[in-house]
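A structural walkthrough
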Amino acid sequence: MRFSLNIDHVATLRNARGELQPEPITAALLAEQAGVDGIVVHLREDRRHINERDVRLLRELISTKLDLEMAATEEIIQIACDVGPELVTIVPEKRQELTTEGGLNVLDQIELLKDTTIRLQDANIEVSFFVEPDINQIDASAEIGADIIEIHTGVFANAESEEQQFDELERIRDAVNHARKLGLGVNAGHGLNYQNIKIFREIEGIDEVSIGQAVIAHAVFVGLKEAVQEMMRLIGS
């Protein structure tokens, strides 16, 4: 299981007072030195954290994989095709949400997502859909031609009981197995942290996890290198 670090909240801190620091690019480079397998950023339409300048500098400076999370809007699609990240992860996006609240409804957007996928793949960018561990959504993702799905782990991460957590873990395990049978790569993320990753890492067939807020928050106290390497030790990557 590989580990990619989402650095959005370094930019959140920078933007809180309109300052230039902390620099997200520096965080990405330090994370690479600590051993992460990739860097994840979400270029939102309202640019609340990561901005276009960040994305372009990351493309120039990092040596690991760049995963650009984005909504399937014309402006952001054009930026992605121009910048050329290794991976684009299509996510749902609402202006009022604090963070992405759930998986993409692929079934309701098949034509839009098919066109978006073709355009990105024509630019030599792999395409992932951020979906719930739902068989129908996974089938639709494969039908459209996605290369990868990223399973939304928020329900697992926010479970209020051990029973609910293990039920969702089984649902995720079934989704992973189904996606694998369809030839899809499988990533996972949202709400994973230093505690729940100990259970989650036991699921077989997940290529990579994307984790951000938990690691950036821990880095405030122990530094980014130690925060990254502690997560890597827990994942076993």
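Heads up: the structure comes first, above all this text.
What you see is a predicted model, and the numbers here were worked out from it, not measured in a lab.

This paragraph deals with unusual backbone geometry. Note the cis peptide between Gln 21 and Pro 22, where omega equals 0°. Mapped onto the elements, Pro 22 comes out in the loop between α1 (8-15) and α2 (24-34). One non-glycine residue, His 190, lies in the positive phi region at around 115°. Here His 190 is to be found in the loop between β7 (185-189) and α9 (197-200).

In this section: the nonpolar core. Phe 3, Leu 5, Ile 90, Phe 129, Phe 200, Ile 211 and Val 228 are the most contacted members of the largest nonpolar core, which totals 71 residues. Take this core: its biggest share by element is seven residues, from helix α11 (residues 224-235).

Further remarks concern the sheet that holds strand β4 (residues 87-90). Strands sit in the order β1-β2-β3-β4-β5-β6-β7-β8 around a closed barrel of eight strands; the barrel is parallel. For this sheet the average axis-to-axis angle between neighbouring strands, irrespective of direction, equals 25°. Where β4 and strand β5 (residues 126-131) come together, four bridges link them in parallel fashion. By the bridge assignment, Ile 90 is partnered in β5 with Phe 129. Sheet strands in contact with helix α5 (residues 110-122) are β4 and β5, and its direction is about 145° off that of β5.

Our focus in this paragraph is the packing of aromatic side chains. Evaluation of the coordinates by the stated rule reveals one aromatic pair. Ring geometry for Phe 156 and Phe 200: centres 5.5 Å apart, planes at 45°, overall tilted. Here the residue Phe 156 occupies a position in helix α7 (residues 154-157), and Phe 200 occupies one in helix α9, the gap between them amounting to 44 residues. Neither Phe 156 nor Phe 200 differs from the other in exposure class; each is buried.

For the α-helix, the turn length of 3.6 residues means that residues three or four positions removed from each other point alike. An ideal rise of 1.5 Å per residue puts 18 Å on 13 residues; α5 measures up with 18 Å between its terminal C-alpha atoms. Taken as a whole, α5 has its buried residues at Leu 113, Thr 116, Thr 117 and Leu 120. Seen end-on, α5 carries its buried residues on one side only, within an arc spanning 100°. Pointing more than 90 degrees away from the buried face of α5 are the exposed residues Glu 111 and Asp 122. At its buried positions, α5 is contacted by α4 (74-83), β4, β5 and α6 (135-144). Once α5 ends, the next one or two residues include Asn 124, with phi positive near 65°.

Conventions used here
- Residues numbered from 1 in each chain as written.
- Predicted model: local features only at pLDDT ≥ 70, side-chain atom pairs only at ≥ 80, totals over all residues.
- Heavy atoms only, no water.
- Helix = DSSP H or I, 4+ residues; strand = E, 2+ residues; numbered from the N terminus.
- Core = buried A, V, L, I, M, F, W, Y, C linked by side-chain atoms within 4.5 Å.
- Buried < 20%, exposed > 50% of the residue type's maximum accessible area, 1.4 Å probe, protein only.
- Pairing = 2+ DSSP bridges.
- Axes fitted to C-alpha atoms, helices over the stretch in contact; angles between N-to-C directions.
- Contact = heavy atoms within 4.5 Å.
- Phe/Tyr/Trp six-rings, centres within 6.5 Å; stacked < 30°, edge-to-face > 60°.
- Expected span 1.5 Å × (residues − 1).
- Arc of directions from axis to C-beta.

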